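One-letter residues, chain by chain:
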Amino acid sequence: MSGRSRPLELESDLVLNQRLLQSMGGMVNETLEVARDIANYCTDDDELKKATQDIMLSFIGMADDIKQVTTALNHVKNTCPMIQTDSDVESMEEQNLTSSFTKKLEKLKAAGRRDENRLMNHPKYEELISLFTDSGTIEEQLASLRAALTGSAEESQGELAMTEMDINIRCPYTGCTMQDPVRNILCGHVYDRTGILTYVKQKKSKAKCPVGGCGNTEPIQESHLEDHRDMRKYIFLLSQSQNF
Ligand SMILES: [Zn+2]
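Residues numbered from 1 in each chain as written. Predicted model: local features only at pLDDT ≥ 70, side-chain atom pairs only at ≥ 80, totals over all residues. Heavy atoms only, no water.

Per an unreviewed UniProt entry, the chain goes by the name E3 SUMO-protein ligase NSE2 and belongs to Elysia marginata. Regarding the chain, the relevant UniProt record gives this comment under Subcellular location (unreviewed entry): "Nucleus". The Sequence similarities (unreviewed entry) comment attached to the chain in UniProt states, word for word, "Belongs to the NSE2 family." (UniProt positions renumbered as here; feature names shortened; annotations may be inferred.)

So, the packing of helix α1 (residues 10-41) against helix α8 (residues 229-240)
In the contact formed by α1 and α8, the axes pass within 10 Å of each other and the chain directions differ by 20°. One way to sum up the angle between α1 and α8 is to call them roughly parallel. The element α1 and its partner α8 pack so that their crossing is right-handed. Along the contact surface, α1 presents E33, R36, D37, N40 and Y41, while α8 presents R229, R232, K233 and F236. Residue composition of the contact of α1 with α8, grouped by class: 2 nonpolar, 1 polar and 6 charged. (Axes fitted to C-alpha atoms, helices over the stretch in contact; angles between N-to-C directions. Helix = DSSP H or I, 4+ residues; strand = E, 2+ residues; numbered from the N terminus. Parallel < 35°, antiparallel > 145°, perpendicular 65-115°, else oblique. Left-handed = near helix turned anticlockwise from the far one by under 90°. Contact = heavy atoms within 4.5 Å. Nonpolar A, V, L, I, M, F, W, Y, C, P; charged D, E, K, R; others polar.)

Structural notes on the environment of P181
Within the secondary structure layout, P181 lies in strand β1 (residues 181-184). A residue is classified by how much of its surface remains accessible, and P181, at 2% relative accessible area, is buried. For P181 and D192, which are 11 residues apart along the polypeptide, the C-alpha to C-alpha distance reads 4.6 Å. If we skip the residues at most four places from it in the chain, P181 touches V190, Y191, D192, E226, D227, H228, M231, R232 and I235. (Buried < 20%, exposed > 50% of the residue type's maximum accessible area, 1.4 Å probe, protein only.)

Side note on the packing of helix α2 (residues 46-79) against helix α5 (residues 123-133)
Where α2 contacts α5, the two axes come as close as 10 Å, and the packing angle between them is 170°. As the angle between them shows, α2 and α5 are arranged roughly antiparallel. For the pair α2 and α5, contact is made by K49, T52, Q53, M56, L57 and I60 and by K124, Y125, L128, I129 and F132, respectively. Grouping the amino acids of the contact of α2 with α5 by side-chain chemistry returns 7 nonpolar, 2 polar and 2 charged.

A word on the coordination of the zinc ion
All of the protein donors around the zinc ion are C187 (SG), H189 (ND1), C209 (SG) and C214 (SG); their distances to the metal are 2.0 to 2.4 Å. For the zinc ion, the 4 donor atoms are set out with angles of 105 to 119° between them, so the coordination reads as tetrahedral. Along the chain, the residues donating to the zinc ion fall in the pattern C-x1-H-x19-C-x4-C. In this pair, C187 is assigned in the loop between β1 and β2 (190-192) and C209 in the loop between α7 (193-202) and β3 (225-227), connecting sequence segments 22 residues apart. (Donors = N, O, S within 2.8 Å, 3.2 Å for Na, K, Ca; no water. Tetrahedral: all angles 85-135°; square planar, octahedral: opposite > 155°, others 65-115°.)

Points about the packing of aromatic side chains
Under the counting rule described, the total for this entry stands at 2 aromatic pairs. Taken together, a centroid distance of 4.7 Å and an interplanar angle of 80° make the contact between Y41 and F236 edge-to-face. Taken as a pair, Y41 in helix α1 and F236 in helix α8 lie far apart in primary sequence, 195 residues in all. On the accessibility criterion, Y41 (27% relative accessible area) is partly exposed. What makes F236 partly exposed here is its relative accessible area of 24%. Both rings, one in Y173 and one in Y199, keep their centres 4.4 Å apart while their planes meet at 35°; by these two values the pair is tilted. In this pair, Y173 is assigned in the loop between α6 (138-157) and β1 and Y199 in helix α7, connecting sequence segments 26 residues apart. (Phe/Tyr/Trp six-rings, centres within 6.5 Å; stacked < 30°, edge-to-face > 60°.)

Concerning a negative patch on the surface
Taken together, the side chains of D44, D45, D46 and E47 make up a negatively charged region of the molecular surface. Considering the arrangement of structural elements, one finds D45 in the loop between α1 and α2. Since its relative accessible area comes to 33%, D45 is described here as partly exposed. (Patch = residues over 30% accessible without salt bridge, like charges linked within 9 Å, V, L, I, M, F, W, Y side chains within 5 Å. Areas by Shrake-Rupley, 256 points an atom, 1.4 Å probe, with all protein chains shown as cover. Salt bridge = Lys/Arg side-chain N within 4 Å of Asp/Glu carboxyl O. Lys, Arg positive; Asp, Glu negative; His and termini not counted. Charge placed at Lys NZ, Arg CZ, Asp CG, Glu CD.)

Put into structure tokens, the structure is as follows:
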């Protein structure tokens, strides 16, 4: 982005930067999802964790670069209030605008270099680090997941908090321990993905929630089902613990 040789095209550059920033935000979030899986399932792979940290830092760094360019573009735009369109840019003193942009960008970059920890202090990077470090023992992780799972059950069904024994790890349709738990966003009931999708297919898309007494009368659609990460991790950790 530095050392631009083409003329400044303020509006289109701002739009482009906005798009880049959005997709970089998507990459950051996806890296965090991958990190979550690594923290859950590759607990001892320190090399993989280090690589994921580095990838996260480079995405955050790229997002930071884009933000600096956006700020510099906005600076030029705001200090030259007559500019409305890119053709105005052409008709103005191109040299002045470009040098104003470059100066502002250099200032921002210098400020960024003075604050070495700013990428490390990014909330998404901190979240990733906490995923890798705060895991605790299997028993501790199970305890906090139990709290999370019973808490959400209390909210969605208005019942008293379930005891830990009541956390159902079996699919209400297949009766088997769930491999890939999904939550019905309409009623909060949890099923195994493969099992419930087989049921939906068999019923030719007229499958209602198979949990007895469920008030949700909407036929289940794939779009009603969301990953239930806490349940998935809970079942995984349970299988690793001695109490299974
Ligand atoms: Zn239901």
